Each structure stands twice: as structure tokens, then as C-alpha cells.
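# Close look at the chain arrangement
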Amino acid sequence: MLVLVLVLAAFVGIGFVEGIVIGIVAGLAVFAINYARLGVVRAQGGGRAFASNVMRPSAQANRLEELADAVHVVRLQGYLFFGTAHRLLDQASTDLTKPRAIPLRFLVLDLGRVDGIDSSAFACLVRLVEQAESNGFEILLAAVPAPVARLLDAGGRSLALATFADLDHCLEHVENRLLGLAGGNAPERQALEDELARAFPEPERRRRLLAYTRPVRWQAGETIIEQGAPSDEMYFFNQGRIIANLVLPDGGEVRVRTILPGTVVGEVGCYLDVPRTLSLVAATAVEARAFDRAAIARLRAADPDLCADFHAWMARLIGERLAHLTGHLAAEITGEGRALSSPGS
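Model, not experiment: these values are computed from the prediction.

### Some thoughts on the pairing of strand β14 (residues 286–292)
Of all seven residues in β14, five are buried, a share of seventy percent or more. Relative to β14, strand β7 (residues 214–218) is paired through five bridges, and the arrangement is antiparallel. Across the sheet, residue R217 finds its bridge partner in β14, namely E287.

Now the structure itself:
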């Protein structure tokens, strides 16, 4: 309404052409002010709310839980210009430099839904990088769109930031860095033994359980589980790296998970006797122990107490994964889409 009054006054007092120019400028100013009020933060939170899709042994997962406050993820959206960028910088300067029980090590900016960025927003990003260097944390960029990538390239050495194809790969890199800094990378061949010891502290009970399994191996590139195939066994992985893919109706594939040694896969399909929902491919040479339904039946008949402990272990693993998934959904849907000045995750 005020814009209309201003334009009308310009028509009367100055002239028609001048009134049009003033109206356009006033309209653009109102648009910029209103757009700046919109939240450019789609979601944000720490390592508990955002984690990679890497399935890790419990020792590593627990260590990452302890180090969750060392990571902060901000998922941005819309167009970043002087209004939104300056507000974001001010909030980040206030919140990310606050004292923490664990110092912030990595700030991840997910740009997957950013439409573009202007030069003033780029200058704000440079200032944020300078603050990161002075406060001892790194900035990583995920899913950088082409317009932003061109601007980053034009910035040259003034903004040498690590970029990643998507948020999942970026978070995997961050987690590996944290585990490396914390000494949390257990030797591959020890990972399964450590996981079994968590559920079966007595070596004799572990030996009896593994007696019902059989060794299996795959070479890099071989299919371990094919999507849609019958589910008659689960696998305890003790060496190698596995990629879980979702095969789309058009024949394409999407990486869903990366699976590391010390983990168990296929247990849900084995219990429910439903077709496999994902395809598993060996990224490297893989060694595992296969445990099928017939072996479970023999274990139940011969050693019911050990079988009950095995089922309790499986229930805990499934519960932990469900809690992990629920945390992701909560962060995506309800819990974390707030301004940086809001309470932390």
C-alpha cells in the first residue's frame, strides 16, 4: 500500500516516467526485504541428527555418537544474496563460536537446494571461512550447484574449500576424519570379533555360534545379494567393503548404504522370509560368515539358551538401526529446520 502511495505521489509531484522508476525500485526493495525474512536454512543439526549412510560396527558408531557435537550440518535453500547471506553469517558467527563440550571440527553446508548466489553472499562465505580458520574448524560444501561452483572457481585461492557430490559422501568423509583423529578405525579382521564379543563376552559361546555358520567369499564387483531374490540367510561381514544399491524401475541404481566389516546384513529378510529389498555388491574382496534359517533351527534345537541370546543380539541391532533411521526422519521432517539462533540439536 505504501508503495502505491509513493508511486502516486511521484506521478503527481515529479512525473510519469520518474514515478514508474520509483515504483520499480520500491517494489524491488520490498521484495528483497520480504525474501530476506524467509528462512534459507532448510534444516540444521549436529552429528546425532545427520549421519552418513555408512553401516559401521558398533564400536565406531558409538565413538561417532560421542563426537557428534564436533559436526554441524546446515542445509540451505533458495537464492543467497546480501540479505539472506548477511543474516546467516551473523547467526553463524554467534552460534558456531559458542563454547562446546567438544570443539566444533566440521561445518558442513549442504547446497543441494540452493538456486544461486550473488557476489555479496560469496563475500559472506569468505568471511565465514576466515572465522572458521580462526576458530579451528573446517567448512565443507556438499552438492554444490553449477552456478555456485562457477563462482567458487572464479574466487580462486581465496576460497579453497573441499566439495562433495552430495551430503552422504561429505558426511562419510567427516566421519572417517573423526574416527581417524580419535583412533577409532579398528583393523578389518578384528571388527567382527569385536562386534561378537559385545554380544557374547565368553569366547566359548562365540565359537559355538560360529560353528553354525559357513565361510563365504566374493571378489570385487561380484553381486552378494540381488534385489528381489529370496531371503534365506544373513551374513556376518569380517573383511571388505560393500555397496548397497536400490535398483530403480528404469534400471538405474542409487547408492543407499556403504557397509563396513563388523556388521550384519540380511537379518530382516531372513527373519521375515521376504524378497531382498536391496542389491549388495562387493566393492573390494569380501569375506563373511553365512547363517541361514536351517542353521538357526539347528541352533534352537541344540542350544536354546545360546539361540535366545542370538535373537536378543539381532533385536538390539535392528532396534539401533531403526532408532538411527527415526532420527534422520525427525531431522528431515520436524526437528531441525530452524534458524541457527534457535536451540541446538
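From this point, the discussion proceeds with the structure in view.
### Let's talk about a nonpolar patch on the surface
Together, V268, Y271, L272, V274 and I318 line one region of the surface with nonpolar side chains, adding up to about 400 Å² of accessible area. Considering every element that reaches the nonpolar patch, the biggest residue donor is helix α10 (residues 267–272), with three residues. Tracing the chain through its elements places L272 in helix α10.

### What about the confidence of the model for the protein chain?
For the protein chain, the mean per-residue pLDDT works out to 79, and 75% of the residues sit at or above 70. This model gives residues 335–345 a pLDDT under 50, and the stretch forms 32 contacts once residues within four places in sequence are excluded.

### Some remarks on the side chain of R75
Structurally, R75 is set in strand β3 (residues 71–80). The buried category is assigned to R75, whose relative accessible area is 15%. A polar contact of 2.8 Å, which involves the side chain of R75, links it to the side chain of D110.

### A few points about the sheet that holds strand β4 (residues 106–117)
Taking strand neighbours across the sheet as the criterion, the five strands line up as β1-β3-β4-β5-β6 in an open arrangement whose pairing is mixed. Of all the strands in the sheet, the pair left with one neighbour each is β1 (41–46) and β6 (162–164). The average angle at which neighbouring strand axes cross in this sheet is 20 degrees, direction not considered. Both β3 and β4 contribute to a ladder of nine bridges, which runs parallel. Considered in β4, the bridge of V73 is made with V108. Strands β3, β4 and β5 (138–142) of the sheet are contacted by helix α5 (residues 119–135), whose axis makes an angle of about 175 degrees with β4.

### Details of the packing of aromatic side chains
Scanning all chains against the criterion turns up nine aromatic pairs. Relative to Y235, the ring of W218 lies with its centre 5.5 Å away and its plane at 85 degrees, an arrangement referred to as edge-to-face. Remark: Y235 occurs in strand β9 (residues 233–239) and W218 occurs in strand β7; sequence separation between them is 17 residues. According to the relative accessible area criterion, W218 is buried, its value standing at 12%. Ring pairing ties together the aromatic residues F200, F236, F291, F310 and W313, which thus form one cluster.

### Examining the nonpolar core
Counting residues in each nonpolar core, the largest one holds 28 residues, and the members touching the most others are L76, L80, L107, L109, L111, I139 and L141. Elements that contribute at least two residues to this core include exactly β3, α4 (82–95), β4, α5, β5 and α6 (146–155). By residue number, the principal contributor to this core is α5, which donates eight residues. Filtering out sequence-adjacent residues up to four positions away, I139 remains in contact with L107, L109, L128, V129, A132, L161 and A162. In terms of nonpolar packing, the next biggest core, distinct from the first, is built from 19 residues, A70, V71, L140 and A142 among them.

### As for the sheet that holds β9
Read across the sheet, four strands follow the order β7-β14-β9-β12 without closing on themselves; strand pairing throughout is antiparallel. Each edge of the open sheet carries a strand with a single partner, namely β7 and β12 (264–265). Contacts from helix α11 (residues 293–302) reach β9 and β14, with the element oriented near 60 degrees to β14.

### Topic: unusual backbone geometry
Trans is the common state for peptide bonds, and a negative phi is the common state for residues other than glycine. The phi torsion at A143 lies on the positive side, around 55 degrees, for a residue other than glycine. Looking at the secondary structure, you find A143 in the loop between β5 and α6. With a phi angle near 60 degrees, D273 is a residue other than glycine that sits in the positive phi range. On the secondary structure map, D273 appears in the loop between α10 and β13 (279–282).

### Re helix α3 (residues 58–66)
Among the residues of α3, S58, Q60 and L64 are the ones counted as buried. The arc enclosing the buried residues of α3, seen along the axis, measures out at 165 degrees, which places them on a common side.

Criteria and thresholds
- Counting from 1, residues in each chain are numbered in the order their sequence is written.
- With pLDDT at 70 or above as the cut-off, local features in this predicted model cover only qualifying residues; side-chain atom pairs require 80 or more to be listed or tallied, and sums for whole chains, interfaces and linings still use all residues.
- Calculated side-chain values reflect all of the structure's heavy atoms, with hydrogen atoms and water omitted.
- Working definition: with a 1.4 Å probe on protein chains only, accessible area under 20% of the residue-type maximum means buried, over 50% means exposed, and in between means partly exposed.
- Strands are runs of DSSP state E lasting at least 2 residues, helices are runs of H or I lasting at least 4, and numbering of each runs from the N terminus.
- Here the rule is simple: two strands pair whenever DSSP picks up at least two bridges between them.
- Patch criteria: residues need more than 30% relative accessible area and no salt bridge. Like-charged residues are merged within 9 Å; nonpolar side chains of Val, Leu, Ile, Met, Phe, Trp and Tyr are merged within 5 Å.
- Each accessible area is a Shrake-Rupley result for a 1.4 Å probe, and residues are judged covered by the shown protein chains and nothing else.
- By convention in these notes, a salt bridge is any Lys or Arg side-chain nitrogen within 4 Å of a carboxyl oxygen on Asp or Glu.
- Confidence scores labelled pLDDT are given residue by residue by the predictor and lie between 0 and 100.
- Residues count as neighbours in contact if any of their non-hydrogen atoms are within 4.5 Å of one another.
- Polar contacts, as counted here, are pairs of nitrogen or oxygen atoms within 3.5 Å of one another; within protein the pair requires one atom able to donate a hydrogen and one able to accept it, and residues that are adjacent in sequence qualify only if both atoms are side-chain atoms.
- Angles run from 0 to 180 degrees between N-to-C directions of axes, and those axes are lines fitted to C-alpha atoms, restricted for helices to the stretch in contact.
- Classification of ring pairs rests on two measures: the distance between centres of Phe, Tyr or Trp rings, Trp counted by its six-membered ring, which must be within 6.5 Å, and the angle between planes, read as stacked under 30 degrees, edge-to-face over 60 and tilted in between.
- To form a nonpolar core, buried Ala, Val, Leu, Ile, Met, Phe, Trp, Tyr and Cys residues must be joined to one another through side-chain atoms within 4.5 Å.
- Arc, as used here, means the arc of the directions from the helix axis to the C-beta atoms.

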